[in-house]
Amino acid sequence: MTASNTGPVGSGSPSGARRSEATRNAILAAARERFAADGYERATIRAIAKDAHIDPSMVMRYFGNKDGLFAAAVALDLRLPDLMAVERDEVGRALVGHFLALWEENEELTAMLRVGATNQAGAERMQGIFRDQLLPVARQVCPDPEQVPTRAALCAAQLLGLALTRYVLRLPPAVALVREEIVAWLAPTVQRYLTAPSP
């Protein structure tokens, strides 16, 4: 069980459980506002606790650390395109272009990638995003329903690999690529993963 699912000792009674849930919800509400206002790097446990009118130790008790709190607080909607409305030979280009726009306008996504690589709660949140948002999109165009999870995972490897090298590690050659170059390099690979016959 992760820290985000545990409550303080003594929350077993109905009134204690209600207080525990109210405290957890107050922390999450304060965290969402603080992360949105300050970004992941500048937001602090102390500031979030102050906003929630509780002691910082309570935040740690419920969520373990800032990474765990961030993973629990931030709900990421990838707003993936409906690939059924896209020409079949353009789905790779559509997905790569969409993800590039997302990474460049949403710093929470970059923060979640960083957290997911180092924190169990963050990894579980990323897995949930993959399962709930990317799999249904891949299912729209994949020629073999049984291969949807594998093909979606390969797409994720390409897209997350790009994000890691360009937006988190900031490798100079990856940063130097312009949008059109990235789409030209990655779109055919993502297209193949989604729509090509099984090798």
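Just so you know, these numbers come straight off a predicted model, no measurement behind them.

### What to know about the side chain of Thr195
Next, step 1: Turning to its location among the elements, Thr195 is positioned in helix α10 (residues 179–195).
Next, step 2: Looking at Thr195, the relative accessible area reads 15%, which means it is buried.
Next, step 3: Here the side chain of Thr195 touches Gln191 through a polar contact of 2.9 Å, landing on its backbone oxygen.
Next, step 4: Ignoring anything within four residues of it in the chain, the contact list for Thr195 reads Arg88, Val91, Val141, Pro143 and Arg151.

### Considerations on a nonpolar patch on the surface
Next, step 1: A cluster of nonpolar side chains, contributed by Leu164, Leu169 and Leu171, occupies part of the molecular surface with about 250 Å² of accessible area.
Next, step 2: If you trace the backbone, Leu171 turns up in the loop between α8 (148–168) and α9 (172–176).

### Let's talk about the side chain of Thr110
Next, step 1: Here Thr110 lies in helix α6 (residues 107–116).
Next, step 2: Since its relative accessible area comes to 9%, Thr110 is described here as buried.
Next, step 3: The contacts of Thr110, once residues within four sequence positions are left out, are Trp103, Tyr167 and Val168.

### Some thoughts on the confidence of the model for the chain
Next, step 1: Averaged over all residues, the pLDDT of the chain is 89; the fraction at 70 or higher stands at 93%.
Next, step 2: Counted against residues more than four places away or in other chains, residues 1–7, with its pLDDT under 50, gives 15 contacts.

### A word on the pattern of salt bridges
Next, step 1: Applying the stated criterion to the full structure yields seven salt bridges.
Next, step 2: Arg34 is the salt-bridge partner of Asp51, the closest N and O atoms lying 2.8 Å from each other. Here Asp51, found in helix α2 (residues 45–52), pairs with Arg34, found in helix α1 (residues 14–42); they are 17 residues apart in sequence, far enough to count as distant.
Next, step 3: The partly exposed category is assigned to Arg34, whose relative accessible area is 21%.
Next, step 4: Across the pair Glu41 and Arg114 runs a salt bridge whose closest N-O atoms are separated by 3.0 Å. Placement of the pair is Glu41 in helix α1 and Arg114 in helix α6, with a sequence separation of 73 residues.
Next, step 5: Each of the salt bridges in this network shares a partner with another, and the network as a whole consists of Arg34, Asp38 and Asp51.

Criteria and cut-off values
Residues numbered from 1 in each chain as written. Predicted model: local features only at pLDDT ≥ 70, side-chain atom pairs only at ≥ 80, totals over all residues. Heavy atoms only, no water. Helix = DSSP H or I, 4+ residues; strand = E, 2+ residues; numbered from the N terminus. Buried < 20%, exposed > 50% of the residue type's maximum accessible area, 1.4 Å probe, protein only. Polar contact = N/O pair within 3.5 Å; in protein donor to acceptor, adjacent residues only side chain to side chain. Contact = heavy atoms within 4.5 Å. Patch = residues over 30% accessible without salt bridge, like charges linked within 9 Å, V, L, I, M, F, W, Y side chains within 5 Å. Areas by Shrake-Rupley, 256 points an atom, 1.4 Å probe, with all protein chains shown as cover. Salt bridge = Lys/Arg side-chain N within 4 Å of Asp/Glu carboxyl O. pLDDT = per-residue confidence, 0-100.

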